[in-house]
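Descriptive analysis of the structure
In case you want the letters, here they are:
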Amino acid sequence: MGGATIRLENDLGEIERMNRWLAHVHAGTDEQFERIKLCLNEAVENTIRYGYPVGGLGYVDLSLDQGGPCITVVIRDDGKPYDPLARALPDPMRDLESATIGGFGILLMHEAATSLSYAYRAGMNVLTAEFCPRQAPK
Amino acid sequence: MEISNKELGHGVLKVSLKGSLDVAGADVADAHFAGLDAAHQRVIADLAGVDFVASVGIRVLVKTAKTLSGRGGKLVLIHPNDAARRVMFTTGLDRIVPIAEDEQAAVTAVS
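Quick caveat, the model's predicted, so the values are computed rather than measured.

Moving on, we come to the overall build of chain B. Across its full length, chain B holds 5 helices and 5 strands. Along its sequence from the N terminus, chain B presents helices and strands in the succession β-β-α-β-α-β-α-α-β-α. Computed over C-alpha atoms, the radius of gyration of chain B comes to 12 Å, within 12% of the 13 Å expected from 2.2 N^0.38 for 111 residues, which places it in the range of a compact globule. A separation threshold of at least 6 residues defines the contact pool for chain B, and within that pool the share at least 24 residues apart is 67%. With an accessible surface of roughly 4700 Å², chain B has 49% of that area assigned to carbon and sulfur atoms. Between the centroid of the 12 positive side chains of chain B and the centroid of its 13 negative side chains there is a distance of 6 Å.

This part is about helix 3 (residues 82-91) of chain B. All names here are of chain B. For helix 3, the set of buried residues is A84, V87, M88, T90 and T91. Along the axis of helix 3, the buried residues cluster in a sector spanning 165 degrees; they form a single face. Helix 3 presents D82 and F89 as exposed residues on the side facing more than 90 degrees away from its buried surface. The opening residue of helix 3, the one whose side-chain oxygen lies 3.2 Å from the backbone nitrogen of A83, is N81. Of the residues flanking the end of helix 3, it is G92, one or two places downstream, whose phi is positive at about 90 degrees.

Once that is clear, we can look at the sheet that holds strand 1 (residues 2-9) of chain B. Residues and elements named next belong to chain B. With respect to topology, 5 strands assemble into an open sheet ordered 1-2-3-4-5, the strand pairing being mixed. On the outer flanks of this sheet lie strand 1 and strand 5 (99-100), each paired with one strand and no other. Relative to strand 2 (residues 12-21), strand 1 runs antiparallel, the two sharing 7 bridges. By the bridge assignment, E7 is partnered in strand 2 with L13. Sitting on the sheet, helix 3 touches strand 3 (42-53), strand 4 (74-78) and strand 5, and the angle it makes with strand 3 is about 115 degrees.

We now examine the state of the cysteines. All names here are of chain A. One pass over the structure, following the stated rule, counts 1 disulfide over all chains. Here C70 engages in a disulfide with C132; their sulfurs sit 2.0 Å apart. The disulfide joining C70 to C132 has a torsion of about 110 degrees about its S-S bond and is therefore right-handed. Separated by 62 residues along the polypeptide, C70 in the loop between strand 2 (59-66) and strand 3 (71-77) and C132 in the segment after strand 5 (124-131) bring together distant segments of the chain. Judged by its relative accessible area of 16%, C132 falls in the buried class.

Counted at 1.5 Å a residue, the expected span for helix 1 (residues 14-25) of chain A with its 12 residues is 16 Å, and the 17 Å between its end C-alpha atoms agrees. Among the residues of helix 1 of chain A, those classed as buried are E14, I15, M18, N19, W21, L22 and V25 of chain A. Projected down its long axis, helix 1 of chain A shows its buried positions confined to an angular sector of 160 degrees, all on one face. Seen from the buried face of helix 1 of chain A, the exposed residues on the opposite side, beyond 90 degrees, are R20 and H24 of chain A. Buried-residue contacts for helix 1 of chain A involve strand 1 (3-9), helix 2 (30-50) and strand 2 of chain A together with helix 1 (23-34) of chain B. Directly beyond the C-terminal end of helix 1 of chain A, a positive phi value near 35 degrees is found at H26 of chain A.

Before going further, it helps to examine the pairing of strand 2 of chain A. Residue and element names in this part refer to chain A. Most of strand 2 is tucked away, with 6 of its 8 residues classed as buried. In terms of strand pairing, strand 1 meets strand 2 through 7 bridges, oriented antiparallel. Note that in strand 2 the partner of L8 across the bridge is V60. Connecting strand 2 to the antiparallel partner strand 3 that follows it, the hairpin turn spans 4 residues.

With that settled, consider the packing of aromatic side chains. Under the criterion given, the structure shown has 0 aromatic pairs over all chains. The ring of Y59 of chain A carries the charged tip of R7 of chain A above its face, separated from the ring centre by 3.7 Å. Over the ring of F52 of chain B we find K37 of chain A; its NZ or CZ atom is 4.4 Å from the centre of that ring.

Rules and cut-offs
Residues numbered from 1 in each chain as written. Chains lettered and ligands numbered in written order. Predicted model: local features only at pLDDT ≥ 70, side-chain atom pairs only at ≥ 80, totals over all residues. Heavy atoms only, no water. Helix = DSSP H or I, 4+ residues; strand = E, 2+ residues; numbered from the N terminus. Rg over C-alpha atoms; globule rule 2.2 N^0.38 Å. Contact = heavy atoms within 4.5 Å. Areas by Shrake-Rupley, 256 points an atom, 1.4 Å probe, with all protein chains shown as cover. Lys, Arg positive; Asp, Glu negative; His and termini not counted. Charge placed at Lys NZ, Arg CZ, Asp CG, Glu CD. Buried < 20%, exposed > 50% of the residue type's maximum accessible area, 1.4 Å probe, protein only. Arc of directions from axis to C-beta. Polar contact = N/O pair within 3.5 Å; in protein donor to acceptor, adjacent residues only side chain to side chain. Pairing = 2+ DSSP bridges. Axes fitted to C-alpha atoms, helices over the stretch in contact; angles between N-to-C directions. Disulfide = S-S within 2.5 Å. Expected span 1.5 Å × (residues − 1). Phe/Tyr/Trp six-rings, centres within 6.5 Å; stacked < 30°, edge-to-face > 60°. Lys NZ or Arg CZ within 6 Å of the ring centre and 35° of its normal.

Below, the structure is given as structure tokens:
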């Protein structure tokens, strides 16, 4: 397959439309698809929830390309400049009493993607995630 | 997200979830767990019908486990799919909320 794109408004309800788009595109193997879906849900939720002032309008552009076994997803948004990769990763929870409610999205993004990179270009946050197969094709 | 409750006796409630624990589904699940009667202290969450778990879903499960623990109760999970298990492992949820092999084991674990 070649590339696929979608533009989302900065509304959390748009994540459902994104997931329908992903299911339609269904790039790569099932395990790649699961990882892409997880990473995109975390990244886009974070962008929409925290990247814009209350009531501020904006958009998030997604593109997905598969030129070989690896799939590259690029997330561009016009929210405030924010590098999610600069944030320290939380430790996994160890006990119920000390467990924090939330903050694991970035950890799951790192776990899901083979590689992640960030740049701020022309007023846009650009997060690029690559997903290579982890299992040999059966 | 579709959610149903089933009393298993001896104060154990099984909550079966069907759908995705994404942003939309997690909101529904959060409202459901938060609305449980305080008499329900021992809860089994059956995730057999859950096809996707994001961090918002983990947040709901942690919050529910903390609430139940505060009442002297417990949350036990059953039937997460492989992708959900990986999310639980990565976040450490599987260390703080037991995952039982089946309903009978969950009843024992929650009691």
